[in-house]
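Structural characterization, general
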Amino acid sequence: MEVVYRRPDALTDLATHYCPGCSHGVIHRLIAEVIDELGIRASTIGVAPVGCAVFAYKYFNLDSCEAAHGRAPAMATGIKRVLPDHIVFTYQGDGDLASIGGNEILHAALRGERITVIFVNNAVYGMTGGQMAPTTLAGMKTTSSPAGRDPLTQGYPLHLTEMLATMPGVAYAVRRSMHSVAETRKTKKAIRLAFAAQQQGLGLSIVEILAACPTNWHVEPVDALEYIRSQMLPEYPVGDFKVSEGLGE
C-alpha cells in the first residue's frame, strides 16, 4: 500500500503532554514537516519557552535548548551569532513572548537578528491556570479577569506582530490561524517563508498563529475552533504585515 501520511523525521516518536484539542501538537508537526521538506534538520536548532510548550525540545528530533521565561529571543541571538550557518527558531506562547519576553523580542527585532520566531497566540496563560495575557480579548473572562477584561483598567489586547512589522530589522511578519484545514495549510506556508527569510539573511521573521486552548477557554475542542473564528479573528485578523521584497525567490 502507498504511504500517504507518516511522522516527520523532525518529530520524535513520543506522546505529548498537551490537552485534547490544543493546537500545539499540530503546529509542532507543521514546523517538523517544513524542516524535513527543506532538508535542514541537521543544521536547525530550536529554543523552547516557559509555558505550555516548555517541553517542546522533547518533541522535535533536532538540536534544541530551553530558555528562561521570555528569554528565548536572547538565547536564539547568541546561538545564531555563534553558529551563523544554522537555522535557529524560537517557539513561544503569548505569555512568554508578549509579556515577560516583550523586551527581548523588541530589541531582537530592532537589531534585525537572523532568527525565526513562532508565536502561538491562544489569548491566555495556559500552563499556569488560565490567567489574563497581553493578548486576552476585551471582555474575555480569565482567572485574573473573572468579570471579563476591561480595557479601561486592564489595558487593550496587544498586537505584537503588527508592531514588530514596523521595524526595519524585521523581514517577515504575518499572522495565521489554526481554526480550519485551509488556514492550517496557510500556516505551514508561512512557516516555510519564515525559514526562507532566515536562509536568505533578510532579518528577523515572525509567524503569529492563532491557536485553541479548550481547557482554559472551558469549551469543547470543536467549539474552540469556532471561538477562534468568531472571537479572535475580529481582533486579530490574519494577514501579511511585512514581507521583504524577493522573499522566497
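For the structure, see preceding data.
A brief look at the structure comes next. (Residues numbered from 1 in each chain as written. Predicted model: local features only at pLDDT ≥ 70, side-chain atom pairs only at ≥ 80, totals over all residues. Heavy atoms only, no water.)

Thoughts on the pairing of strand β6 (residues 204–210)
Of all seven residues that make up β6, seven are buried, and the element is covered over most of its length. Residues Leu204, Ile206, Glu208 and Leu210 of β6 are buried on one face, and the alternating residues Ser205, Val207 and Ile209, pointing to the opposite face, are buried as well. Alignment of strand β4 (residues 116–121) against β6, held across six bridges, turns out to be parallel. Within β6, the residue paired with Val120 across the bridge is Ile209. The sheet contact formed by strand β5 (residues 170–177) and β6 spans seven bridges and is parallel. Looking at the pairing, Ser177 lines up with Leu210 of β6. Taken together, β5, helix α8 (residues 181–199) and β6 form a β-α-β motif whose crossover is right-handed. (Buried < 20%, exposed > 50% of the residue type's maximum accessible area, 1.4 Å probe, protein only. Helix = DSSP H or I, 4+ residues; strand = E, 2+ residues; numbered from the N terminus. Pairing = 2+ DSSP bridges. Right-handed = clockwise from strand over helix to strand, strands pointing away.)

Quick word on the layout of surface pockets
Here the largest pocket is characterised by a volume of approximately 220 Å³. Contributing elements (two or more residues each) for the lining of the largest pocket: β3 (87–93) and α4 (94–100). Here the second largest pocket is characterised by a volume of approximately 170 Å³. Taken together, 13 residues line the second largest pocket, and the ones lying closest to its centre are Cys19, Cys22, Cys52, Gly126 and Asn216. Looking at the lining of the second largest pocket element by element, the count peaks at three residues for helix α9 (residues 214–217). (1 Å grid on protein atoms, 1.4 Å probe; cavity = no way out; pocket = protein on both sides within 12 Å on 5 of 7 lines; lining within 4 Å. Points joined across faces, edges and corners; volume = space filled by probe spheres on them.)

Focus: the pattern of salt bridges
Following the criterion strictly, the structure yields 14 salt bridges and no others. Each member of the salt-bridge network shares a partner with another, and the members are Arg29, Glu33, Glu37, Lys188 and Arg192. (Salt bridge = Lys/Arg side-chain N within 4 Å of Asp/Glu carboxyl O.)

Examining the side chain of Asn122
Here Asn122 shows up in the loop between β4 and α6 (151–154). Filtering out sequence-adjacent residues up to four positions away, Asn122 remains in contact with Asp94, Ala211, Ala212, Cys213, Trp217 and Met232. (Contact = heavy atoms within 4.5 Å.)

Looking at helix α5 (residues 102–111)
The set of residues buried in α5 consists of Gly102, Glu104, Ile105, Ala108 and Ala109. Burial along α5 is one-sided: seen end-on, the buried residues are contained in an arc of 165 degrees. On its buried side, α5 packs onto α3 (72–82), α4, β4, α7 (160–165), β5 and β6. (Arc of directions from axis to C-beta.)

Comments concerning the nonpolar core
Nonpolar side chains tend to gather and get buried jointly when the protein is soluble and globular. Ile27, Ile31, Phe89 and Ile118 are the most contacted members of the largest nonpolar core, which totals 35 residues. Elements with a contribution of two residues or more to this core: α1 (24–38), α2 (56–59), β3, β4, β5, α8 and β6. If near-sequence neighbours (up to four positions away) are discounted, Ile31 is found in contact with Phe60, Phe89, Tyr91, Ile118, Ile191 and Phe195. Ala72, Ile105, Met167 and Val170 belong to the second-largest nonpolar core, a separate cluster that totals 23 residues. (Core = buried A, V, L, I, M, F, W, Y, C linked by side-chain atoms within 4.5 Å.)

So, the packing of α3 against α5
The geometry of α3 relative to α5 is characterised by a closest axis approach of 8 Å and an angle of 35 degrees between their N-to-C directions. In contact with Pro73, Ala74, Thr77 and Arg81 of α3, α5 contributes Glu104, Ile105, Ala108 and Arg111. Tallied by class, residues from the contact of α3 with α5 come to four nonpolar, one polar and three charged. (Axes fitted to C-alpha atoms, helices over the stretch in contact; angles between N-to-C directions. Nonpolar A, V, L, I, M, F, W, Y, C, P; charged D, E, K, R; others polar.)

Overview of empty space enclosed by the protein
One simple way to see leftover space: roll a probe sized like a water molecule over the atoms. By the definition in use, this model includes one cavity of 30 Å³ or more. In this structure, the largest cavity spans a volume of roughly 40 Å³. Considering the residues around the largest cavity, the lining is formed by Gly46, Val47, Ala48, Ala56, Tyr57, Phe60, Ser64, Phe89 and Tyr91. Where the lining of the largest cavity is concerned, the elements lending two or more residues are β1 (44–48), α2 and β3. Among the elements that make up the lining of the largest cavity, the one with the highest residue count is β1 (three residues). Of the residues in the lining of the largest cavity, the class split is seven nonpolar, two polar and no charged.

Coordinates in, geometry out; function isn't part of it.
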